[in-house]
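# A look at the structure
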Amino acid sequence: MSYLSGIHNIHELGTLNPYTSTKVRGNATVIERILKQAGELQGLGDTEGKKIPFSDVVAKYNKGITEPEIKAGCGTNAEWAFP
């Protein structure tokens, strides 16, 4: 089931709650900087339906992140997944 099922354009998403709206506006410069970098961060979109080596997955998905940062993130994610 998709929570976006039946939504055809951005206007059908509704409004953000006040807390989220405040956080987004308060971090506007950070969001703008990230969006400017988005062209460089292609993720795995061009690999759909293809088999690629895990090393390529790591390189594409974690562009700009060092190996220690990747390992630190894995530890954090594991802690979040298993409280």
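It should be noted that the structure appears before, not after, this text.
The structure reproduced in this document is the subject of the present report.

Conventions and cut-offs
- Sequence positions are assigned chain by chain, starting from 1 and proceeding in written order.
- pLDDT decides what is reported in this predicted model: residues at 70 or higher carry local features, side-chain atom pairs at 80 or more are listed and counted, and totals for whole chains, interfaces and linings draw on all residues regardless.
- Water and hydrogen atoms were dropped before computing side-chain values, which therefore reflect all heavy atoms in the structure.
- Counting from the N terminus, the helices are DSSP H or I runs at least four residues long and the strands are E runs at least two residues long.
- Residue exposure (1.4 Å probe, protein chains only): buried if accessible area is under 20% of the type maximum, exposed if over 50%, otherwise partly exposed.
- Where accessible areas are quoted, they stem from the Shrake-Rupley method and a 1.4 Å probe; at the residue level, only the protein chains shown are allowed to cover.
- Candidate patch residues must exceed 30% relative accessible area and have no salt bridge, after which like charges are joined if within 9 Å and Val, Leu, Ile, Met, Phe, Trp or Tyr side chains if within 5 Å.
- Throughout this description, the term salt bridge denotes a Lys or Arg side-chain nitrogen within 4 Å of a carboxyl oxygen of Asp or Glu.
- Contacts are residue-level and defined by heavy atoms, with any inter-residue pair within 4.5 Å sufficient.

## Notes on the overall build of the chain
Helix and strand counts for the chain stand at 4 helices and 0 strands. Looking at the chain residue by residue over its 83 residues, the buried ones come to 2%. Accessible surface computed for the chain: about 7,700 Å², of which carbon and sulfur atoms make up 60%.

## A short note on a nonpolar patch on the surface
A surface patch of nonpolar side chains, amounting to about 390 Å² of accessible area, comprises Leu-4, Ile-7, Ile-10 and Leu-13. Positionally, Leu-13 belongs in the segment before α1 (18–26).

## Details of the environment of Leu-16
Inspection of the secondary structure puts Leu-16 in the segment before α1. Not counting chain neighbours up to four residues away, the residues in contact with Leu-16 comprise Ser-21 and Val-24.

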